[in-house]
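Structural features, examined
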Amino acid sequence: MIVNKLTRLAATCAAIALLAGPAMADVTLKLGHLANEDNIWHKAAVKFGEEVAALSDGRVKVQIYPNESLGKEIDLINGMQLGTADMTITGESLQNWAPKAALLALPYGYRSLEHMDQVASGEIGKQIEAEIIEKASVRPLTYFARGPRNLSANKEIKTPAELNGFKLRVPNVPVFVAAWQAMGANPTPMAFSEVFTSLQNGTINGQENPLALFKSGGFYEVQKVINKTEHVRSWIYLVISERTWNKLSDADKAAVTEAAKRTQAYERQLFLADEAALVADLESKGVKFVDVDQAAFAAKAKDAVLKSVPADIRPLAEQIFSSN
């Protein structure tokens, strides 16, 4: 009799389990990125992990690997495609798979942070994201703004005419080289690690980078003027492997999506505060900030930028400029 009762109890429990559906297993997401622990991208990654854990009732955990400790950016993207990594923070590097990702950093394509937001969150942004999912097999969850690139020198350069062959370091990005040539400079591609010494010994006269890199590179020791060209505004994505995404339950997908949304708002607050703090800190180190005729620089650069963009995505680049 006891056996019969136990049998009936076991059957009842099994029925309840079937009605409740399969239990959702715990998931651990490996998120690797290139920044150090003080960088706002890392702080945003930590916030994302906290939000995901809370929203999923602890089912989804995020392990964060800063300082390229899980691999370099391209290696991480390859790993996400193969299933050995789950998440990273990446941007125009995705153009190696999805050409439209080149539009993330279009010289003078975005007149302001607000304009960049309109594009990134609008129809063109959706097209970029769709191609990234299709061709790179990673899914953008949200995006973060990046600080604008500015021209540093030891003199004020307010118009393109004042460049007059000015020799500056640029990254080895063809559209950047073309833009600066069109504006009247002599751009020289060079590794970031070589910039300080080249500025110090006069091999180059200046460089262009966001304020965060200007500071971390110590360039304020050898360059005392930042000309606010703001020639490149761009964004970067928090992405998840499509293979990983497809393994998540609907409830966990919802938790990850909402966590990403909250993280974007958090990161934007950090970003704006960080940009203001960078200006104050650099001014305290003797760096002068100079307003320039951005419209004049943009007019000189536009045709060269459009010609440098691959023909199949040039119409989208033209749309961005026309909305500018």
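Structure report, in brief. All values derive from a computational prediction rather than experimental measurement.

What follows concerns the overall build of the chain. A count of helices and strands for the chain gives 12 helices and 9 strands. Projected onto its principal axes, the C-alpha coordinates of the chain cover approximately 100 × 45 × 30 Å. Residues classed as buried in the chain amount to 49% of the 324 residues present. Pairs at least 24 apart in sequence give 74% of the contacts found in the chain among residues at least 6 apart.

Along strand S4 (residues 138-153), 14 of the 16 residues are buried, which leaves the element largely enclosed by surrounding structure. Pairing between S4 and strand S8 (residues 225-241): 12 bridges, direction antiparallel. Of the residues in S8, the one forming a bridge with Ser152 is Ile226. The pairing of S4 with strand S7 (residues 206-209) spans 3 bridges and is antiparallel. Residue pairing across strands places Ser152 opposite Gln207, the latter belonging to S7.

Turning our eyes to something else, we now look at helix H10 (residues 250-284). Given a rise of 1.5 Å per residue, 35 residues ought to cover 51 Å, and the 51 Å separating the end C-alpha atoms of H10 matches this to within 8%. Gly286 sits one or two positions beyond H10 and adopts a positive phi of about 90 degrees.

This part is about the pattern of salt bridges. Tallying each qualifying case throughout the model produces 17 salt bridges. Put simply, Asp252 and Arg59 hold a salt bridge, and the shortest N to O gap is 2.7 Å. Residue Asp252 is located in helix H10, and its partner Arg59 is located in the loop between helix H2 (40-55) and strand S2 (60-65); the two are separated by 193 residues in the primary sequence. The same class applies to Asp252 and to Arg59, which are both buried. Lys228 is the partner of Asp291 in a salt bridge, and the nearest nitrogen-oxygen pair spans 3.5 Å. Here the residue Asp291 occupies a position in strand S9 (residues 288-291), and Lys228 occupies one in strand S8, the gap between them amounting to 63 residues. In this structure Asp291 comes out as exposed when scored by relative accessible area, which is 58%. Salt bridges sharing common partners tie together Lys47, Glu51, Glu258 and Arg262.

A word on unusual backbone geometry. With a phi close to 55 degrees, Asp57 is a non-glycine residue in the positive phi region. With respect to the secondary-structure elements, Asp57 resides in the loop between H2 and S2. Of the residues examined, Asp57 reaches a relative accessible area of 67% and is grouped as exposed. Although it is not a glycine, Glu230 sits at a positive phi angle of roughly 45 degrees. Secondary-structure assignment places Glu230 in strand S8.

By size, the foremost hydrophobic cluster in this structure holds 79 residues, and its most contacted members are Phe48, Leu103, Leu106, Leu163, Trp235 and Tyr237. Residues contacting Tyr237, with those up to four places away along its chain left out, are Thr88, Ile89, Thr90, Leu94, Leu104, Gly125, Ile128, Glu129, Ile132, Pro140, Thr142 and Tyr143. In this structure, Leu199, Phe219, Tyr220 and Val222 belong to the second largest nonpolar core, which totals 14 residues.

So, how was this worked out
Residues numbered from 1 in each chain as written. Predicted model: local features only at pLDDT ≥ 70, side-chain atom pairs only at ≥ 80, totals over all residues. Heavy atoms only, no water. Helix = DSSP H or I, 4+ residues; strand = E, 2+ residues; numbered from the N terminus. Buried < 20%, exposed > 50% of the residue type's maximum accessible area, 1.4 Å probe, protein only. Contact = heavy atoms within 4.5 Å. Pairing = 2+ DSSP bridges. Expected span 1.5 Å × (residues − 1). Salt bridge = Lys/Arg side-chain N within 4 Å of Asp/Glu carboxyl O. Core = buried A, V, L, I, M, F, W, Y, C linked by side-chain atoms within 4.5 Å.

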